[in-house]
Amino acid sequence: FFETFSTQIPVVHRGTWRTEDKPPILIRSMQACGALFVNTRKANKFVSETIALVRDAIAEEIAATVGNPMIQDYLVLAIVLLQTIGLHHEDKAHRDSSSLWHGMLVMVIRHTRSIERSRNWAPPESLDDFESLEAAWRNWGFYETIKRGLLLAHLLDCSHCVLFSGMPSAFQPIEFDMNAPCDESLWKAPTAIEWYALLSMPPPCTALSGVPMRHALQALQQPPSDFENPADILLLNKFTLFILIHEVLRKLYSQLHNYTSTPWSADPLSHALFFPEFTRILHNWAQMWMKNLSNSHLAKDDGDLADLPFVCDALPYYWLSHVTFWALHSQSAGWIGGMTQQNRFFVINEWLRRIRLFLKSNNNTPPDLAKEFKIIYQQVGEVEFRFSLGQCGLLSFFPER
């Protein structure tokens, strides 16, 4: 889990991790995430059994831990980790059951009030001695872990809309009025002393609690005139930009779903308002991405662009947004909205694979995205597509190692 899964989806803070005070369900879920990379028959069986076991036991576990919010937060994290595996699993049965289970994940998060606790967390007031510093670091490590787990749940909600339903988000926008992930340098600090040293540095090191997500979302909506001066562009880390581009995708695919019931020709006013808005949003996101690349502090944190972790590798999803935007412009919107879940999963997965190949090629000529889409869609047709092993699933989204 820590050696491989966490390098791609850094959710659990390793520096402050202690196994002895964690619920067994969380430990088992983390082991399942690690087993995903073993990819043997025994490991795959363990993953399937863990998903079934946790789903059967979680309601009872939640009921038994009323009054212990920390344990309940860990139980929420366990469900989020398993949903991350299940929703992107190469096995269609796992994907289908995880899609149905998505509503349960949302209900558990609301029932435990984990988002509210994360939103109300405040940085420690006193770091006067080593004991208080160590306690503050561990308290922050727990907060950042749960916050990242909840933001991962938000990403799953966006993915559910994009890959499966096209329906509006199960979460309300105001529910995720919380802070974005902290910068990688703070996250990776191995000791409390090194963590404190980073906090004492001048900007652009972000605040301990991270940038408020509402500020990041508002920056996407700003008029172009607000981005003329580079100093006015909000500086965000790549994990936060990854979350933002998924929010853009969620809105785009919600529009695709709406198109199947109300084509643009039947609602020309929506058409006229929608396209300028999303042109501006994609332009603003690209400007924030470029500012991130030009910042030496964040560039040092993230390393080589060709070797970014999954949750920092946002550029393929930016191009996916452009492909989807093109589909809305064309007569293809109804095709996507009318596809089966199986075919839709394949088409989007294949789009991402081809986009990544293009980005790796360092080719300065943009691909003909419209032509690529049509080729992929024709491969699917109206029949269910059977995936070969390794063609889809969570591992196919991770950079090759």
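Before any of the text, the structure's been laid out above.
What you see is a predicted model; the values in this text were computed from it and never measured.

Chemist: I'm lost on the overall build of the chain in this one. Help?
Modeler: Summing up its helical and strand segments, the chain has 18 helices and zero strands in all. Taken over 401 residues, the chain has a buried fraction of 53%. In the chain, the proportion of contacts linking residues at least 24 apart, taken out of those at least 6 apart, comes to 81%. About 18300 Å² of surface is accessible on the chain, with carbon and sulfur atoms providing 56% of the total.

Chemist: Would you mind going over the packing of helix H2 (residues 24–35) against helix H3 (residues 41–64) with me for this structure?
Modeler: Relative orientation and spacing of two packed helices are given, respectively, by the angle between their axes and the distance between those axes. Contact geometry for H2 and H3: axes closest at 9 Å, N-to-C directions at 155°. On the basis of their axis angle, the class for H2 and H3 is roughly antiparallel. You can see that H2 and H3 cross each other, and the crossing is left-handed. Listed contacts from H3 to Ile 25, Arg 28, Ser 29, Gln 31, Ala 32 and Ala 35 of H2 are Ala 43, Phe 46, Val 47, Glu 49, Thr 50, Leu 53, Val 54, Ala 57 and Glu 61. Its residues assigned to classes, the contact of H2 with H3 shows nine nonpolar, three polar and three charged.

Chemist: Explain the pattern of salt bridges to me, please; I cannot follow it from the model alone.
Modeler: Should their charged atoms come close, side chains of opposite charge can pair. Evaluation of the coordinates by the stated rule reveals 16 salt bridges. Its salt-bridge partner being Glu 184, residue Arg 148 comes within 3.8 Å of it at the nearest N-O pair. Of the two residues, Arg 148 sits in helix H7 (residues 130–165) while Glu 184 sits in helix H8 (residues 184–188), which places them 36 residues apart along the sequence. One exposure class covers both Arg 148 and Glu 184, and it is buried. Between Glu 350 and Arg 354 there is a salt bridge, with the nearest N and O atoms lying 3.1 Å from each other. With a gap of four residues between them, Glu 350 and Arg 354 both fall in helix H16 (residues 341–360), about one helical turn apart.

Chemist: It is not clear to me how the packing of aromatic side chains should be interpreted in this structure. Could you clarify?
Modeler: Each aromatic ring pair is summarised here by two numbers: the centre-to-centre distance and the angle between the ring planes. The tally for this structure, following the rule as stated, stands at 14 aromatic pairs. Ring geometry for Phe 1 and Phe 2: centres 5.2 Å apart, planes at 80°, overall edge-to-face. Looking at Phe 2, the relative accessible area reads 19%, which means it is buried. Their ring planes at 15° and their centres at 5.1 Å tell us that Trp 285 and Tyr 318 sit as a pair that is stacked. You can see Trp 285 sitting in helix H12 (residues 268–294) and its partner Tyr 318 sitting in helix H14 (residues 315–329), a full 33 residues away along the chain. Exposure class is identical for Trp 285 and Tyr 318. Each is buried. Through successive ring pairs, a cluster of aromatic residues spans Phe 1, Phe 2, Phe 5, Trp 17 and Phe 37.

Chemist: Whenever I open this one, helix H9 (residues 192–199) confuses me. Can you help?
Modeler: In an α-helix, one full turn covers 3.6 residues, which means residues spaced three or four apart are oriented alike. Every buried residue belonging to H9 is among Ala 192, Trp 195 and Leu 198, and all of these are buried. All buried residues of H9 fall inside an arc of 120° around its axis, so they share one side.

Chemist: Help me understand the environment of Phe 1, please; the structure alone is not making it clear to me.
Modeler: Relative to the elements of secondary structure, Phe 1 occurs in the segment before helix H1 (5–8). Among the residues examined, Phe 1 registers a relative accessible area of 17% and is labelled buried. Along the chain, Phe 1 and Ile 27 lie 26 residues apart, while their C-alpha atoms are 10.0 Å from each other. With near-sequence residues (within four places) excluded, Phe 1 lies in contact with Ser 6, Val 12, Met 30, Cys 33, Gly 34 and Leu 81.

Chemist: When you look at H2 in this model, what are you seeing that I'm missing?
Modeler: Helix length check: H2 (twelve residues) gives 16 Å between terminal C-alpha atoms against 16 Å at 1.5 Å per residue, within 8%. Most of H2 sits out of view: nine of its twelve residues are buried. Among the residues of H2, those classed as buried are Ile 25, Leu 26, Ile 27, Ser 29, Met 30, Ala 32, Cys 33, Gly 34 and Ala 35. On the buried face of H2, the contacting elements are H1, H3 and helix H4 (69–87).

Chemist: What is the right way to look at the packing of H3 against helix H5 (residues 92–112) in this model?
Modeler: Remark: H3 packs on H5, axes separated minimally by 12 Å, with the N-to-C direction vectors making an angle of 25°. With respect to each other, H3 and H5 are oriented roughly parallel. Where H3 crosses over H5, the handedness of that crossing is left-handed. In this structure, H3 contributes Ser 48, Ile 51, Arg 55, Ile 58 and Ile 62 to the contact, and H5 contributes His 94, Ser 97, Ser 98, Trp 101, Val 108, His 111 and Thr 112. Residues of the contact of H3 with H5, tallied by class, amount to five nonpolar, six polar and one charged.

Chemist: I keep staring at the environment of Cys 158 and nothing clicks. Help me out?
Modeler: Considering the arrangement of structural elements, one finds Cys 158 in helix H7. Residues Cys 158 and Ala 170, twelve residues apart in the sequence, show an inter-C-alpha distance of 9.0 Å. Every residue in contact with Cys 158, bar those within four places of it in the chain, is listed here: His 246, Glu 247 and Arg 250.

Chemist: Any chance you could explain the state of the cysteines here in plain terms?
Modeler: In total, this model carries zero disulfides according to the counting rule given. Lacking any disulfide linkage, Cys 161 is separated from the closest cysteine sulfur, that of Cys 158, by 7.6 Å.

Chemist: Help me out: how do you make sense of unusual backbone geometry in this one?
Modeler: Most of the time, phi is negative for any residue but glycine, and the peptide bond is trans. Notably, Arg 113 is not glycine yet its phi reads approximately 60°, a positive angle. Inspection of the secondary structure assignment puts Arg 113 in the loop between H5 and helix H6 (114–119).

How each quantity is defined
In every chain, residue numbers begin from 1 and rise along the written sequence. This being a predicted model, a pLDDT of at least 70 is required before a residue's local features are given, and a value of 80 or more before pairs of side-chain atoms are given or counted; all residues contribute to the totals for chains, interfaces and linings. The side-chain figures draw on all heavy atoms in the structure; neither hydrogens nor water molecules are used. Secondary structure elements follow DSSP: runs of H or I of four or more residues count as helices, runs of E of two or more count as strands, with numbering from the N terminus. Relative accessibility thresholds used throughout: buried, under 20% of the residue-type maximum; exposed, over 50%; partly exposed, between the two (1.4 Å probe, protein chains only). When checking whether two residues touch, look at their non-hydrogen atoms; a contact exists if any pair is within 4.5 Å. Here the Shrake-Rupley method, with its probe set to 1.4 Å, supplies the accessible areas, and only the displayed protein chains count as covering residues. Comment: axis = line fitted to C-alpha atoms, over the contacting stretch for helices; angle = value between 0 and 180 degrees taken between N-to-C directions. In this scheme, roughly parallel covers angles under 35 degrees and roughly antiparallel covers those over 145, while 65 to 115 is roughly perpendicular and the rest are oblique. Handedness of a crossing is defined here by the sense of rotation of the near helix relative to the far one, left-handed for an anticlockwise turn of less than a right angle and right-handed for a clockwise turn. Under the scheme applied, nonpolar residues are Ala, Val, Leu, Ile, Met, Phe, Trp, Tyr, Cys and Pro; charged residues are Asp, Glu, Lys and Arg; polar residues are all the others, including Gly. Whenever a carboxyl oxygen of Asp or Glu lies within 4 Å of a side-chain nitrogen of Lys or Arg, that contact is scored as a salt bridge. When the centres of two rings from Phe, Tyr and Trp lie within 6.5 Å, Trp using its six-membered ring, the rings pair. Their planes under 30 degrees apart give stacked, over 60 give edge-to-face, and anything left gives tilted. Note: the arc covers the axis-to-C-beta directions of the helix. The span one expects for a helix is its residue count, reduced by one, times 1.5 Å. Cysteine sulfurs are considered disulfide-paired once they come within 2.5 Å of each other.

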